[in-house]
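What follows is the residue order along each chain.
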Amino acid sequence: MKLYNFISGIMNELALFALNSFILPEGRMRLRVFERRYVRLISEASAGKRDFAVAQVNPYVSQHHPDRILPLATKVRIEDFEQLEDGLLGVTIAGIEKVKIISRWQEADTLNIAQVQTLDSWTGIEIENEYQPLSQQLEKLLQQYPTLKALYPQPRYTDAAWLASRYLELLPMQPALKQQLALETSPTPCLNSLQSWLAPQA
C-alpha cells in the first residue's frame, strides 16, 4: 500500500516546533511558548524569516535518540498572539500542509531544523452515510469543550478529510498509528478505523 503521496520536487527548510500534540492541515492549536529556542522560532516566523512546522515527538525513545522526532510534520502559520495570565506568550496556529522530514539538524540553541518534502493533502469530499455517527460524536465532543470549539467557528463535520483530521488530532492513540493513518492517500482508512473503535461508544 502506498502511504507517501508526494508533490514532486517541492523541498523546503523549516524550523520544527516539537510537541507531543498532533496537528494536520486545517487544524488549529494554541501554543504556550516559553523555551528560548521556540521564542526565537516564533519571532523569526512572524518576521517572515523562516517558516516552521509542528512535529510530533516519539515519547518511547530518549530525547537524544535519532528517531525522537517522527517523520510526518505539518507546516503551520501563525494566526494570533496573546499574553497569557502566567505572562507567557500564547500563539494560535493553523495547519497548512503535511510535510515529510527528509533530514534534520540542530542549531546552537538546540532548535531543530529540517529539510522537508511537501505531501499531498486529503481532498475534501462529503462523508458517506455510514460515517454520520462519527460526525455526530465529534460535534458532541466539541460542544463539551468550549475552548476547543472556539478554535473552529465554522466546523465541517460532513467533510471526510476535515472529520478524519480532527479525530487524529484529538484522540489519544499511539503516535506511530496517528502517523500511519495520516499518511494514507485518503481519509477513508482512518474513518474505517475510527468507526470500528468508537462503535461500542455510540
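Residues numbered from 1 in each chain as written. Predicted model: local features only at pLDDT ≥ 70, side-chain atom pairs only at ≥ 80, totals over all residues. Heavy atoms only, no water.

Digging into unusual backbone geometry
So, step 1. Positive phi outside glycine occurs at Glu26, with the angle close to 75°.
So, step 2. By the secondary structure assignment, Glu26 is in the loop between β1 (6–19) and β2 (28–33).
So, step 3. Exposure remark for Glu26: the relative accessible area of 41% places this residue in the partly exposed category.
So, step 4. Of note, the phi angle at Thr110 is positive, near 75°, even though the residue is not glycine. (Helix = DSSP H or I, 4+ residues; strand = E, 2+ residues; numbered from the N terminus. Buried < 20%, exposed > 50% of the residue type's maximum accessible area, 1.4 Å probe, protein only.)

Looking at the packing of helix α4 (residues 160–170) against helix α6 (residues 188–198)
So, step 1. For the pair α4 and α6, the least separation of the axes is 10 Å and the interaxial angle reads 55°. Judged by the inter-axis angle, α4 sits oblique to α6. The interaxial crossing formed by α4 with α6 has left-handed handedness. Judged by residue contacts, Ala160, Leu163, Ala164, Tyr167 and Leu168 of α4 engage Cys190, Leu191, Leu194 and Leu198 from α6. (Axes fitted to C-alpha atoms, helices over the stretch in contact; angles between N-to-C directions. Parallel < 35°, antiparallel > 145°, perpendicular 65-115°, else oblique. Left-handed = near helix turned anticlockwise from the far one by under 90°. Contact = heavy atoms within 4.5 Å.)

What about the pairing of strand β5 (residues 89–106)?
Here is the key point about a regular strand: its side chains alternate between the two faces of the sheet.
So, step 1. As defined by bridge partners, β2 adjoins β5 across 6 bridges and the pair is classed as antiparallel. Each residue of the ladder has a partner; that of Met29, found in β5, is Ile93.
So, step 2. Sheet topology places strand β4 (residues 69–83) next to β5; 11 bridges connect them, and they run antiparallel. Looking at the pairing, Lys75 lines up with Glu97 of β5. (Pairing = 2+ DSSP bridges.)

Digging into the packing of aromatic side chains
So, step 1. As enumerated under the stated definition, the model contains 3 aromatic pairs in all.
So, step 2. Note on Tyr152 and Trp162: the rings are 5.4 Å apart at their centroids and 85° apart in plane angle, and the pair reads as edge-to-face. With Tyr152 in the loop between α3 (146–149) and α4 and Trp162 in helix α4, this residue pair connects regions lying 10 residues apart in the sequence. Like Tyr152, the residue Trp162 is buried in the burial classification.
So, step 3. Measuring from ring centre to ring centre gives 5.8 Å for Tyr157 and Trp162, while their planes differ by 90°; the resulting arrangement is edge-to-face. Comparing Tyr157 with Trp162, the two get one shared label, buried.
So, step 4. Among the aromatic residues, those joined into a cluster by ring pairs are Tyr152, Tyr157 and Trp162.
So, step 5. Residue placement shows Lys98 over the ring face of Trp122; its charged tip is 4.5 Å from the ring centre.
So, step 6. A cation over a ring is seen here: Arg166 above Trp162, with NZ or CZ 5.3 Å from the ring centre. (Phe/Tyr/Trp six-rings, centres within 6.5 Å; stacked < 30°, edge-to-face > 60°. Lys NZ or Arg CZ within 6 Å of the ring centre and 35° of its normal.)

Here's the deal with the confidence of the model for the protein chain
Low pLDDT means the predicted atomic positions in that stretch should not be read closely.
So, step 1. Looking at the protein chain as a whole, the pLDDT averages 91, with 93% of positions reaching at least 70.
So, step 2. Here residues 1–9 is a poorly scored stretch, pLDDT under 50, and it has 21 contacts once near neighbours within four places are set aside; other chains count. (pLDDT = per-residue confidence, 0-100.)

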